[in-house]
Amino acid sequence: MRSDTTEPARLRGRRPIWTGITLGVVAVIIAPIVLVGLGAFSPSLDVWSQLWSGPLPEMLSTTGVLLVLVGVGTLILGTGLAWLTTANEFPGRRIFTWALMLPLAMPAYILGFVFLAVLDFAGPVQTALRSWFGPEVWFPDVSSTVGVAIVMSLSLYPYVYILARAALREQTPATYESARMLGDNRMAALRRVVLPMARPSLAAGMVLVMMETLTDFATVQYFNVQTVSVGIYQVWRGMFDRETAVELAALVLFIALFIIGLERLLRGPARFHQRGAPRDIERVPLRGWKAAVAVSICGSVLSAAIIVPLVQLLYWLWTSPAVVTDMTRAFEFLSNSLGMAVAAAFGCVFFAMLAAGGARFSGSPLVRRAAHLVTVGYAVPGPVVAIGVLVMIGWVSGVAGSNPAGIVLLSLTGLVYAYIVRFMALGYGSVDASMEKITPSTVDAAHTLGAGPPRVMKQIYFPMAGAGAAAGAVLVAIDVLKELPIVLLIRPFGFTTASVWVWELASESRWAAAAVPALLIVLTAMIPIAIYLGRERRKPGSAVALGARVVTRVEAGVE
Amino acid sequence: MKPLSSVRLTIALVLFSMALVSCGVVDSFSGEETVRVYSGRHYDLEEAFEQYASETGVDVEFLYGGDAELRERLRTEGEDTLADVFMTVDAANLELAASEELLQPMDTANLGMISDNLVHPDRLWVGLSKRVRTIMYHPDRVDQSELSTYEDLADPRWAGRLCMRNSNNVYTQSLVASLIYHHGYDGALEVVSGWVANDAEIMSNDIVILETIAAGGCDVGITNHYYLARLLEDDPDFPVLPFWANQDGRGVHVNVSGAGVIANADNPGLATQLIEWLAAEGQESFVYGNHEYPVNPDVPPPPLVRDWGEFKEDRLNAAEFAALNADAVRLMNEVGYD
C-alpha cells in the first residue's frame, strides 16, 4: 500500500515548510559526501589508465567474486538456519533460535584475525596436522578470497537470518498450509510457496550484507585480498593521490547502486503483505539422526562464528596476564564507545523522523524520493565520510576558538555526525517503514480534525514509529561499536574507543593483548542484541518483524 | 509515559552522555604547558612521554592513528590544528608531510649527533629510531653462506622458499623504493618480478612471516628486525635468525620512525624540545621497548639485538626513497606483487 497516492496527498495539502525541513535534513546528511566528491571532478586520466592496465581489473573481479561468495554464503546460512528453527522441532531449538543472532556482535575483523591465527600455517590446527601426518600434509590456503568470504559470511549471515525468520513467520504460514493441504509435501511447499514469498526479504538482507562487504577495509587487508576498497587505500596512502582515491570511492558507490538495481530486477514486481499475526509454520518434530544433524548444524555455525573465537580470545587473555594492566582505562574506552553508539543511534533516529515525517507532510512525491538520499552514506567507505566531516569541522572551528572544551565538543559532535551520515540508512529504513504502516486515513482524519504537522508528529508518528525506530537504533549502535576508520580520523586528543584500542594493538600484531578490547566489543555489542531479543520475548515476533522492515526499507532508501 | 516525554528523556540522555564523555576528555587539557603529538607510532610511547613530563614539567598529549590518516587530518585542519608534533613509523609519510608543507624547520643545534641520512636536509623532520628491514632465515634449512642480497632472492634457486610482506605495507614500499633508487625503475622491476616468479608467499604482517618460517612454511623472508626480537623475547629458542643484507655492497635497508614540528604548531619551541629530548635523554626509553636501533651513537642498541652484531647500513637519505614511494606501488602493481 502506498500512502502517497494523489487523493490523500491533495487532502493533506502541500506544505513548503516541511519540504524545506526535509530537504534541509537531506542536505546536511549528504553534505560531507558531496564535498569530497566535488574534489574528484578532474579525473587524472594518467593514473586511471595505469590502474586500468594494472591492478584494477583484478580488484574488480576479486570484489565481484567476494560479493557473490558472501552473498551466497549468507543466503544459505541465513535461510537454511531460519527454516531449520522455524519449521522444525529439535532439542535446543529455542536456544538456537536466539543464539544464532549473536554473531552480529562479532566484528568481521576480529573474527578474521582469530580465524587466521588458528588456521594459518603456523597456527595450532596446521601444526597439529603436520605433527600427525608429516610436513607435506595438504591444507587449503586460508589467507585467500575464499577465507575472507567464509569469515564475512559467518559474521554477516544474521542479517539474512533475521529477515528470513520474519518472512517465514509473517508472510507464509497460511499459504504454506494451503499448499500442504492441496497435497504438496514439505519440500515442494518450501520450494513452490515459501521461498518465492520470502524472496524480497532475502534479497534485501543480501543487499545489506553486500554493502558491508563492499565497504570493508580491515578484514580484506588482513587476508591480503585486494578489493576495490583496498585499492582506495593503496592509491591514497601508497601513491599519495587523493583525487584518484575519491574517484575509486565513487566506483564503490556505483557498484553499490548496481547491486541494488540487480536486486530490484531479481525481486520483480512481487509484493507480499502480512496476513494475520506472525507465528511459526507447523513445526515438524525431528527425531533420531535427523535431530542430531539439526543440532550439529546449528552448533557448528555457532561454534565457528562465536564460540571458538571467544574461547581463543579468552585463551590469549589467560596466557598473557600482563595485558590486563589497566582496567580503569578499559572502562573509559568502553564508555566512550557506548557514548558514541548511543548518541549516533538516537541522532540517526531523530533525523530519520524529521526526514521521513517531513517528506510525508510536504505532500510531494518528489520530496519523498529525495528523502531517500539520506541513506547514501551506507554505500560510501568510512574514510570518505570522515574526510568530508573534517573539512566541515574546519569551517566552524572558528566558533570554538582556542577553548579546549569547545574544540573537544566540536570534534565529538563531528564524530557523531559522521556516524549518522554513514549509518543513517539503518535508522531511516526502520522509521520510514514504520510510518508506511500507518494508514493514510489515520493521518487524514487527524488533519481533517485540525491537527497540524507538529501534533500529528507527536501523537501519531512518534508513538507508532517508535518501535521501528528502536530496532533501527539497535543496528546503528552495533555498527558504531564496531566502526574503525571514522573514529580514527576524527577523534579528539585523549579520546579512545574500544575499537581504536583493538586497532592499536592489532596493527602491531599484538594479538594476545588485543584480546581484551576485542572481548569488550563483542560483549558490549551483545547488549543491544539482548535488548532486541528481550523485546521479542515480551511481544513475540515484533522485534524480528521490525528488524525485517528496517532492512527492507534500507534498500529502498539507498536507491 | 507520554510519547513526547520519552523523546525529551532520550534527548536529555544523549546530551548527558555527550557531556560526560567530553568532560572526561577535557580533563586531559588541564596541564599548564602541554605539547601535543599526532603519532603513527604506539610502541610504549606512554612511558617515554611520562618520563619527559616528570623531567621537564611539560605534559605530552598524544593521539595515535595511521600515518596517512593523521597526515590527511593535519592537512584538513590546517591552521586549526591542535597538534605540535607529527610522528610516524616510517620515513615516507614524514617526507610527504614535508613536501605538502605541513612541517616547519626545527630551530636547533642539538640534533647534530644524528647521521645525515636520517635527517631531512632542511631539518623538517628527524629520524628518532632505526628499523632495519632485512633477510630472516631458518638455520636448519638455509646455510648462511647461501644468503647475500635482496636482489639475490630473485634467483630461481629460491623458488617456493620465500615469504614476503604485502605491497600495501609502507615498509615494503620503502624497500622497493630504495631498489628503484639504486637500480632504476627497470632494474628494480626485474628484482621484484624475480621474487614474484619465485612464487613468494605474500603475507599481511611480519609476525606471521616469522612464525611461518619457524614452522617450516618458508625458508627465507624479509621483515623488520624488531619483530624477531619481540618473538625472541617471548621464546628465546625461536628458530629464526637475522641476516644483514647487502653487506658487500651498499648495506642493509634502514627505515626510520621519526618526527617533525608541525607548520601550524602553537608551540614550536616546546615541540622542538620534545624531539631533542627523544633524540638524547629519551632515546633509551623511546627505542628499547620495541628493540629498535637508536639514532644517537652514544646510546648502545637494546640488549636483545646487541648480540646480532654490527652491520653496514645503506646511507641513502630517507627523503630520497620516500620520494619514490608512489613509483614503488606502481611497480609492484605492474608485476603482480600483491
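What you see is a predicted model, and the numbers here were worked out from it, not measured in a lab. (Residues numbered from 1 in each chain as written. Chains lettered and ligands numbered in written order. Predicted model: local features only at pLDDT ≥ 70, side-chain atom pairs only at ≥ 80, totals over all residues.)

With respect to the overall build of chain B
Right, so step 1: Of the regular secondary structure elements, chain B holds 12 helices and 11 strands.
Right, so step 2: In terms of overall dimensions, chain B is globule-like: its C-alpha atoms have a radius of gyration of 22 Å, near the 20 Å expected for 338 residues.
Right, so step 3: Overall size of chain B, expressed as C-alpha extent along the three principal axes, is 75 × 60 × 40 Å.
Right, so step 4: A total of 338 residues make up chain B; the buried ones form 51% of that total. (Helix = DSSP H or I, 4+ residues; strand = E, 2+ residues; numbered from the N terminus. Rg over C-alpha atoms; globule rule 2.2 N^0.38 Å. Buried ≥ 20, exposed ≤ 12 C-beta atoms within 10 Å, placed from the backbone.)

Some thoughts on the overall build of chain A
Right, so step 1: Along chain A, the regular secondary structure elements total 24 helices and two strands.
Right, so step 2: Here chain A, with 559 residues, has 54% of them falling under the buried criterion.
Right, so step 3: Considering only residue pairs separated by 6 or more positions, chain A has 85% of its internal contacts joining residues 24 or more positions apart. (Contact = placed C-beta atoms within 7 Å.)

What about the interface of chain A and chain B?
Right, so step 1: Between chain A and chain B, the contact holds 50 residues from the first and 56 residues from the second.
Right, so step 2: Every element with two or more residues in the side of chain A that touches chain B is listed here: α11 (218-222), α12 (228-238), α15 (327-362), α17 (382-400), α18 (404-437), α20 (453-482) and α21 (485-490) of chain A.
Right, so step 3: Of the residues in the side of chain A that touches chain B, the class split is 30 nonpolar, 14 polar and six charged. (Nonpolar A, V, L, I, M, F, W, Y, C, P; charged D, E, K, R; others polar.)

Some thoughts on the pairing of strand β3 (residues 85-88) of chain B
All names here are of chain B.
Right, so step 1: Going residue by residue along β3, you find Val85 and Met87 tucked away on one face and Phe86 and Thr88 tucked away on the opposite face as well.
Right, so step 2: Pairing of β3 with strand β10 (residues 253-262) involves four bridges; the strand directions are antiparallel. Bridged to methionine 87 within β10 is alanine 259. (Pairing = 2+ DSSP bridges.)

Some remarks on the pairing of strand β1 (residues 34-39) of chain B
Side-chain direction in a regular strand flips from residue to residue, so the side chains alternate between the two faces of the sheet.
Residues and elements named next belong to chain B.
Right, so step 1: Taken across its six residues, β1 has six buried, putting it largely inside the fold.
Right, so step 2: The pairing of β1 with strand β2 (residues 59-64) spans six bridges and is parallel. Residue serine 39 lies in a different strand from β2, and its bridge partner there is tyrosine 64.
Right, so step 3: Two strands pair when backbone bridges link them, and β1 and β3 are joined in this way by three bridges, in the parallel orientation. By the bridge assignment for β3, serine 39 is matched with methionine 87.

Regarding helix α3 (residues 67-77) of chain B
Residues and elements named next belong to chain B.
Right, so step 1: Summarising burial for α3: nine of the 11 residues are buried, a large majority.
Right, so step 2: Along α3, the residues that are buried comprise Asp67, Ala68, Glu69, Leu70, Arg71, Glu72, Arg73, Leu74 and Glu77.
Right, so step 3: Positive backbone phi, at 50 degrees, marks glycine 78, one or two positions downstream of α3.

As for unusual backbone geometry
Right, so step 1: We note that asparagine 224 of chain A has phi near 55 degrees; this positive angle belongs to a residue other than glycine.
Right, so step 2: For asparagine 224 of chain A, the location among the structural elements is in the loop between α11 and α12.
Right, so step 3: Taking the C-beta count within 10 Å as the criterion, asparagine 224 of chain A has 21 such neighbours and is therefore assigned buried.
Right, so step 4: Within the chain, histidine 291 of chain B stands out as a residue other than glycine whose phi angle is a positive 55 degrees.
Right, so step 5: One can find histidine 291 of chain B in the loop between α9 (283-287) and β11 (293-294).

Here we look at helix α12 (residues 325-335) of chain B
Right, so step 1: Of the residues making up α12 of chain B, those classed as buried are Asn325, Ala328, Val329, Leu331, Met332 and Asn333 of chain B.
Right, so step 2: If you follow the buried residues of α12 of chain B, they end up packed against α12 of chain A together with α4 (91-99), α5 (170-197) and α11 (318-323) of chain B.
Right, so step 3: Backbone geometry just downstream of α12 of chain B places glycine 336 of chain B in the positive-phi region, at approximately 75 degrees.

As for the nonpolar core
Right, so step 1: The biggest cluster of nonpolar side chains holds 295 residues, and the ones touching the most others in it are Ala344, Cys348, Ala355, Phe423 and Met424 of chain A together with Val85 and Phe86 of chain B.
Right, so step 2: Other than its neighbours up to four places away in sequence, alanine 344 of chain A contacts Val416, Tyr419, Ile420, Phe423, Val476 and Val480 of chain A. (Core = buried A, V, L, I, M, F, W, Y, C linked by C-beta atoms within 7 Å.)

Brief notes about the packing of helix α4 (residues 56-87) of chain A against helix α14 (residues 288-319) of chain A
All names here are of chain A.
Right, so step 1: Where α4 meets α14, the closest approach of the two axes is 11 Å, and the angle between their N-to-C directions is 135 degrees. Considering the angle they form, α4 stands oblique to α14. Crossing hand, α4 versus α14: left-handed. Residues Leu77, Leu81 and Leu84 of α4 form the contact with α14, whose own contacting residues are Ala294, Ile297, Cys298 and Val301.
Right, so step 2: When its residues are assigned to classes, the contact of α4 with α14 shows seven nonpolar, no polar and no charged. (Axes fitted to C-alpha atoms, helices over the stretch in contact; angles between N-to-C directions. Parallel < 35°, antiparallel > 145°, perpendicular 65-115°, else oblique. Left-handed = near helix turned anticlockwise from the far one by under 90°.)

Considering the packing of helix α9 (residues 173-181) of chain A against helix α10 (residues 186-214) of chain A
Residues and elements named next belong to chain A.
Right, so step 1: Taken N-terminus to C-terminus, the directions of α9 and α10 make an angle of 165 degrees; their axes are 10 Å apart at the nearest point. Here α9 lies roughly antiparallel to α10, going by the angle between them. For the pair α9 and α10, the sense of crossing is right-handed. Taken together, the residues of α10 that come into contact with α9 (itself represented by Thr175, Tyr176, Ala179 and Arg180) are Ala189, Arg192, Val193, Val194 and Met197.
Right, so step 2: Grouping the constituent residues of the contact of α9 with α10 by class yields six nonpolar, one polar and two charged.

Considering the environment of glutamate 190 of chain B
Residue and element names in this part refer to chain B.
Right, so step 1: Along the chain, glutamate 190 falls in helix α5.
Right, so step 2: Overall, glutamate 190 belongs to the partly exposed group, with 15 C-beta atoms counted inside 10 Å.
Right, so step 3: Spatially, the C-alpha atoms of glutamate 190 and alanine 68 are 29 Å apart, while their sequence positions differ by 122 residues.

Topic: the environment of cysteine 163 of chain B
All names here are of chain B.
Right, so step 1: Checked against the element boundaries, cysteine 163 lands in strand β6 (residues 162-165).
Right, so step 2: For the pair cysteine 163 and isoleucine 222, spaced 59 residues apart in sequence, the C-alpha to C-alpha distance is 7.2 Å.
Right, so step 3: Ignoring sequence-local partners within four residues, the contact set of cysteine 163 consists of Ala200, Glu201, Met203, Ile209, Thr212, Ile213, Gly217, Cys218 and Gly221.

With respect to the confidence of the model for chain B
Right, so step 1: Confidence along chain B averages 89 in pLDDT terms, with 90% of residues attaining 70 or more.
Right, so step 2: Among the prediction metrics, the complex's ipTM stands at 0.78, with pTM recorded as 0.83. (pLDDT = per-residue confidence, 0-100.)

Regarding the confidence of the model for chain A
Residue and element names in this part refer to chain A.
Right, so step 1: Here chain A averages 81 in pLDDT, and 86% of its residues register 70 or above.
Right, so step 2: Summarising per-element confidence for chain A, the mean pLDDT is lowest in helix α1 (residues 6-12) (47) and highest in α4 (93).
Right, so step 3: Segment residues 1-11: pLDDT under 50, and nine contacts once partners within four positions in sequence are set aside and those in other chains are kept.
Right, so step 4: With pLDDT under 50 throughout, residues 555-559 is counted as low confidence; its partners more than four residues away or in other chains account for 20 contacts.

Quick look at the environment of glycine 394 of chain A
All names here are of chain A.
Right, so step 1: Position of glycine 394 relative to the elements: it lies in helix α17.
Right, so step 2: Given 16 C-beta atoms within 10 Å, glycine 394 falls into the partly exposed group.
Right, so step 3: Sequence separation between glycine 394 and leucine 104 is 290 residues, and the spatial gap between their C-alpha atoms is 35 Å.

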